[in-house]
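# Per-entry structural report
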Amino acid sequence: MLVDQRFFPIFSLLFGIGFALLMEKARARTAYPRLILLRRMAVLLAIGLLHLMVLWRGDVLTAYALVGLAVLMPSTWLPRRVVAVSSGVLIVVSVTLLGGWYSLIPGLLLLGSALTRYGVTAGIDRYGRGPAILGALFVAGAVPAAVVQWQAAASDPDGRAFRIAYPVAGLLTAGAYVCAVLLLMRTPLRRALTTVFTPLGRMALTNYLSATLLVLAVARLAGGSDRWNTGTVVLITVAVLSLQWIWSVLWLRRFRQGPAEWLWRRLTWGRHARSSTA
C-alpha cells in the first residue's frame, strides 16, 4: 500500500525530465541534438538488455529505452502543448483500460518532458504554497483510492474496480510523496535529505545495477527470495541501500560520476564527452 506501484511513477517522471534537459543541453552544444538522444537511448537499451538476459528478468531499463525511442524521440518535433495533452491522454488510457504498470510509462515520460519544456521543473522553488496545496489534493485522492484498492483486492482482485484503483492510488500516492519531499526541502531537514539522497542519485544507474548483484548474492546465501517475508525484504533493502550509500560517498570523493554513469555519458556524447557532465 505504501510502496508497490508508488515509486516507479516518480522514476518515470524523472526520466522524462532528464530527457528534456538533455535535449536542451544537446541543442546548445551540437548541431545534431537528436543524434545525442538517440545514442543515449541506444546505450541504455544495450545495458538494459544485458541486465535483463544475464541477471534479472524484471529489468526496467529496457522498457524506458524502448519507450524513449518510440515516444520521447518523436515528441521532440511536437509543440509542448501537444506533448502535455498526449501525456494526459496516455495516462488516462493506461489507468482505465490497461491496468497501469508498464502502460503508464509513455504518459509519465511525456509528462516529465512537458513539465521541463514549460519551465515547471526549473522554477519549482518559486511556487510558494503550490506543493502544499497540490500535496493535500493528492492525499485527499490517494486515501479513498487506496481504500478501494484494499477492499477490491480482498473481494475481487481480478475485477475492474481493483484494476483501476490500483494504478490511481499509486499515481496519487507518488504525487503526495513528491510534494512531501519538496516541502521538506524547505525546512532545516534539507541538508540531511541532501546528504542522504545526493550520493545515491548521482550514481542511480550504478546503484540500480549493483542492487541486482547484491540481492542475488544474498538470495544465494540466505535461500531463494521467494521464501522471504516482508520483514526480511525490508531488512535486505535497508542493508543494500546503506551499503550503496557508503560506496557512493566514497566513490564520489574521487570521481564526478559512477562507473555506469561515466560509460553511459561517454558513449552518448562521443567526442563531446569531455565538455559535458550529462
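Since the model is a prediction, treat every value here as computed from it, not as a measurement.

Further remarks concern the overall build of the protein chain. In terms of helices and strands, the protein chain carries eleven helices and zero strands. N-terminal to C-terminal, the α/β element order of the protein chain is α-α-α-α-α-α-α-α-α-α-α. For 278 residues, the compact-globule estimate of 2.2 N^0.38 gives 19 Å, and the protein chain sits close to it at 20 Å. Along the three orthogonal principal directions, the C-alpha set of the protein chain runs to about 60 × 50 × 45 Å. Burial status across the protein chain gives 39% buried among its 278 residues. Residue pairs at least 24 apart in sequence account for 72% of intrachain contacts in the protein chain once pairs closer than 6 positions are excluded. Here the protein chain has roughly 15,900 Å² of accessible surface; of this, 70% comes from carbon and sulfur atoms. Within the protein chain, the 8 negative side-chain charges are centred at a point lying 16 Å from the centre of the 28 positive side-chain charges.

For any two helices packed against each other, one specifies the crossing angle of their axes together with the interaxial distance. Direction vectors running N to C along helix α6 (residues 130–155) and helix α7 (residues 160–184) enclose 150°, while the axes themselves pass 7 Å from each other. What the angle tells us is that α6 and α7 run roughly antiparallel. Relative to α7, α6 is oriented so that their crossing is left-handed. Looking at side-chain class alone, the contact of α6 with α7 contains 22 nonpolar, five polar and no charged residues.

Here helix α2 (residues 33–54) is 22 residues long and its end C-alpha atoms lie 32 Å apart, about the 32 Å a rise of 1.5 Å per residue gives. The set of residues buried in α2 consists of P33, I36, L37, R40, M41, V43, L44, L45, I47, G48 and H51. The secondary structure elements touched by the buried residues of α2 are α1 (8–29), α3 (61–75), α9 (204–222) and α11 (259–269).

Evaluated as defined, the whole model comprises eight aromatic pairs. Relative to Y64, the ring of F15 lies with its centre 5.2 Å away and its plane at 25°, an arrangement referred to as stacked. Placement of the pair is F15 in helix α1 and Y64 in helix α3, with a sequence separation of 49 residues. Here the two residues F15 and Y64 agree in accessibility, since each one is buried. Linked through ring pairs, F8, W101, F162 and Y166 together constitute an aromatic cluster. For the cation-ring pair, R34 lies above W77, with the distance from its terminal atom to the ring centre recorded as 4.1 Å. Above the face of the W264 ring, R40 is positioned so that its terminal group lies 3.8 Å from the ring centre.

Glancing now at the nonpolar core. Ranked by internal contacts, the top residues of the largest apolar core, which has 36 residues, are F15, L44, Y64, L104, I105, L109 and L205. Elements represented by at least two residues in this core include exactly α1, α2, α3, α4 (80–98), α5 (105–117), α9 and α11. What Y64 contacts, discounting residues up to four positions off in sequence, is F8, F11, S12, F15, M41, L44, I105 and L109.

Turning our eyes to something else, we now look at the environment of W150. Tracing the backbone through its elements, the reader meets W150 in helix α6. Measuring from C-alpha to C-alpha, the distance between W150 and F162 comes to 8.2 Å, with twelve residues separating the pair along the chain.

What is expected of a backbone is that most residues other than glycine have negative phi and most peptide bonds are trans. The backbone phi angle of Q5 is positive, close to 60°, even though this residue is not glycine. On the secondary structure map, Q5 appears in the segment before α1. A positive phi angle, near 55°, is found at W101, a position not held by glycine. Relative to the assigned elements, W101 resides in the loop between α4 and α5.

The rules we used
- Residues numbered from 1 in each chain as written.
- Predicted model: local features only at pLDDT ≥ 70, side-chain atom pairs only at ≥ 80, totals over all residues.
- Heavy atoms only, no water.
- Helix = DSSP H or I, 4+ residues; strand = E, 2+ residues; numbered from the N terminus.
- Rg over C-alpha atoms; globule rule 2.2 N^0.38 Å.
- Buried < 20%, exposed > 50% of the residue type's maximum accessible area, 1.4 Å probe, protein only.
- Contact = heavy atoms within 4.5 Å.
- Areas by Shrake-Rupley, 256 points an atom, 1.4 Å probe, with all protein chains shown as cover.
- Lys, Arg positive; Asp, Glu negative; His and termini not counted.
- Charge placed at Lys NZ, Arg CZ, Asp CG, Glu CD.
- Axes fitted to C-alpha atoms, helices over the stretch in contact; angles between N-to-C directions.
- Parallel < 35°, antiparallel > 145°, perpendicular 65-115°, else oblique.
- Left-handed = near helix turned anticlockwise from the far one by under 90°.
- Nonpolar A, V, L, I, M, F, W, Y, C, P; charged D, E, K, R; others polar.
- Expected span 1.5 Å × (residues − 1).
- Phe/Tyr/Trp six-rings, centres within 6.5 Å; stacked < 30°, edge-to-face > 60°.
- Lys NZ or Arg CZ within 6 Å of the ring centre and 35° of its normal.
- Core = buried A, V, L, I, M, F, W, Y, C linked by side-chain atoms within 4.5 Å.

The analysis is restricted to geometry; functional conclusions fall outside its scope.
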